[in-house]
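Structural overview for review
Chain by chain, the residues:
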Amino acid sequence: MREPVRKPIFTMFFTPKPNQPGLGQLKWLRIPARGPLRVMTLLLASILTASWVGAALFAVAASRNLTQLAVGLAIVFLTLPLLAIGIRGWTVGTYVNDAGVKISRWWSTNYLPWQQIQSVDVTSATGGERVVCVTQVGDVATTVSRRSPDMWGRPHTWLSARDRLHLWWRETRES
């Protein structure tokens, strides 16, 4: 009899542990970690959005006529896009695991398996230096940039993030 497949509810936060040891890193690791300015901005935006939606929901619950109900529901529905953008703000970044690189931007997400990446390089452009993954199709820019808010106030973070991405790529070549 086979063991039933476990499907945890919050798999984006808690990656299920593999049954076999030695399968490698399954959980996505963010490179670099969020900087203090980004964390403070995201926390403030999340608290403000949650309090705004909460107040609007209380206003809907306490409405005594159709006009108050309509205004409260309009406020709730107008803040839902802010809530979605706030949630997306927490996920923006470059993530790695043993399978590949996931580059999450505001409006799109790219996934590149390590086998498709020919090299990890640094390019200089008007926006400063940026790490790119070179593939046969073309260069894919990551979110790891010298001017990223994650780097502000942390001068050595750029060098360690750049080296860490290159090390992950190089180690996949050796195995």
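So, here's what we can say about the structure.

Rules of the game
- Residues numbered from 1 in each chain as written.
- Predicted model: local features only at pLDDT ≥ 70, side-chain atom pairs only at ≥ 80, totals over all residues.
- Heavy atoms only, no water.
- Patch = residues over 30% accessible without salt bridge, like charges linked within 9 Å, V, L, I, M, F, W, Y side chains within 5 Å.
- Areas by Shrake-Rupley, 256 points an atom, 1.4 Å probe, with all protein chains shown as cover.
- Salt bridge = Lys/Arg side-chain N within 4 Å of Asp/Glu carboxyl O.
- Buried < 20%, exposed > 50% of the residue type's maximum accessible area, 1.4 Å probe, protein only.
- Pairing = 2+ DSSP bridges.
- Helix = DSSP H or I, 4+ residues; strand = E, 2+ residues; numbered from the N terminus.
- Core = buried A, V, L, I, M, F, W, Y, C linked by side-chain atoms within 4.5 Å.
- Contact = heavy atoms within 4.5 Å.

**Observations regarding a nonpolar patch on the surface**
- Together, Leu73, Phe77, Leu80, Leu83 and Ile87 make up an exposed nonpolar region whose accessible area comes to about 450 Å².
- In this structure phenylalanine 77 comes out as exposed when scored by relative accessible area, which is 56%.

**Here's the deal with the pairing of strand E7 (residues 139-145)**
- Pairing analysis gives 4 bridges linking strand E6 (residues 128-135) to E7, with the strands arranged antiparallel. Bridge assignment links valine 134 to a residue of E7, and that residue is aspartate 139.
- Count of turn residues in the E6/E7 antiparallel hairpin: 3 residues, of which glycine 138 carries a positive phi of about 155°.

**Some words on the nonpolar core**
- Core analysis: the biggest nonpolar cluster contains 18 residues, and Val96, Trp114, Ile117, Val144 and Leu165 have the highest contact counts within it.
- Counting residues per element, the ones that place at least two in this core are strand E3 (100-104), strand E5 (117-125), E6, E7 and helix H3 (157-174).
- With 5 residues, the top contributor of residues to this core is H3.
- Those residues in contact with isoleucine 117 that sit more than four places away from it in its chain are Val101, Leu112, Cys133, Val134, Thr135, Trp169 and Arg173.

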